Amino acid sequence: MKLVPLFDKVVLKQLVAEETTKSGIVLPGQAKEKPQQAEVIAVGPGGVVDGKEITMQVKAGDKVIYSKYSGTDVEVEEEKYVIVKQSDILAVIE
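The shown structure was predicted, so the numbers you read here are calculated from the model rather than taken from an experiment.

Visitor: Sorry, what's going on with the overall build of the chain here?
Guide: For the chain, the helix and strand inventory stands at 0 helices and 8 strands. Starting at the N terminus and ending at the C terminus, the chain contains elements arranged as β-β-β-β-β-β-β-β. Within the chain, the fraction of its 94 residues that count as buried is 26%. If you take every contact in the chain between residues at least 6 apart in sequence, the share linking residues at least 24 apart comes to 65%.

Visitor: Looking at this structure, how should I read the pattern of salt bridges?
Guide: Where charged atoms from two side chains of opposite charge come close, those side chains can pair. Taken as a whole and assessed by the stated rule, the structure comprises 4 salt bridges. When the shortest N-O distance is used, the salt bridge between K63 and E39 registers 3.8 Å. Residue K63 is found in strand β5 (residues 63-66), and its partner E39 is found in strand β2 (residues 37-43); the two are separated by 24 residues along the sequence. A relative accessible area of 32% means that K63 is categorised as partly exposed. Among the salt bridges present, the one from K59 reaches D62, with a minimum N-O distance of 3.0 Å. Under the relative-accessibility criterion, D62 is labelled buried at 12%.

Visitor: Can you walk me through the sheet that holds strand β8 (residues 89-93) in this structure?
Guide: Backbone hydrogen bonds hold the strands of a sheet together, and the pairing may be parallel or antiparallel. Strand order across the open sheet formed by 6 strands is β6-β7-β1-β2-β5-β8, with antiparallel pairing between neighbours. The strands lining the two open edges of the sheet, one partner per strand, are β6 (72-76) and β8. Each adjacent strand pair in this sheet contributes to an overall mean axis angle of 45 degrees, direction not counted. With 4 bridges connecting them, β5 and β8 associate as antiparallel partners.

Visitor: What is the right way to read the environment of I93 from this model?
Guide: One can find I93 in strand β8. Of the residues examined, I93 reaches a relative accessible area of 35% and is grouped as partly exposed. Excluding residues that lie within four positions of it along the chain, I93 makes contacts with Q37, K63, V64 and I65.

Visitor: Would you mind showing me how to read the nonpolar core here?
Guide: Burial of nonpolar side chains together is a common tendency in soluble globular proteins. Within the largest apolar cluster, 11 residues are counted, these being V10, L12, A38, V40, M56, V58, V64, Y66, V82, V84 and I89. Elements that contribute at least two residues to this core include exactly β1 (9-14), β2, β5 and β7 (79-85). With residues near it in sequence (within four places) discarded, A38 still touches L12, K13, Q14, L15, D62, K63, V64 and Y66.

Criteria and cut-off values
Throughout, residues of each chain are indexed from 1 in the direction in which the sequence is written. Per-residue local features of the predicted model are confined to residues with pLDDT of at least 70, and side-chain atom pairs are confined, for both listing and counting, to 80 or more; whole-chain, interface and lining totals are unaffected and use all residues. To obtain the side-chain values, all non-hydrogen atoms of the structure were included, while hydrogens and water were left out. Helix and strand definitions follow DSSP, with helices as H or I runs of at least four residues and strands as E runs of at least two, each counted in order from the N terminus. Only protein chains enter the area calculation, which uses a 1.4 Å probe; residues under 20% of their type maximum are buried, those over 50% are exposed, and those in between are partly exposed. Throughout, a contact is declared for two residues whenever any of their heavy atoms are within 4.5 Å. A pair is scored as a salt bridge if a Lys or Arg side-chain nitrogen falls within 4 Å of a carboxyl oxygen belonging to Asp or Glu. By definition, two strands form a pair when at least two bridges between them are found by DSSP. What counts as an axis is a line fitted to C-alpha atoms, over the stretch in contact for a helix, and the angles between N-to-C directions run from 0 to 180 degrees. Only buried residues count toward a nonpolar core, which is a set of Ala, Val, Leu, Ile, Met, Phe, Trp, Tyr and Cys residues joined through side-chain atoms within 4.5 Å.

Note that all results are geometric; they support no functional claim without further evidence.
As structure tokens, this is what we get:
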């Protein structure tokens, strides 16, 4: 099965969260925050959304940082993804 986003939506796969701090302290499962870095898996076509023309700025394969509390978590074939609006993506990591 393949996820195909509509309009200005982007499908992200979260990058693995750090298991330890920089000083070497191992974090238990509850202390780890949801990672804000992800890889773009699929990008919608853009188009007119709410009367405004949307041009997609990201492409599949980009590494991005997105808003902490944005998006919808989905699971497809035991893989977890987050679907966000393009406007919820804050930066592309180069």
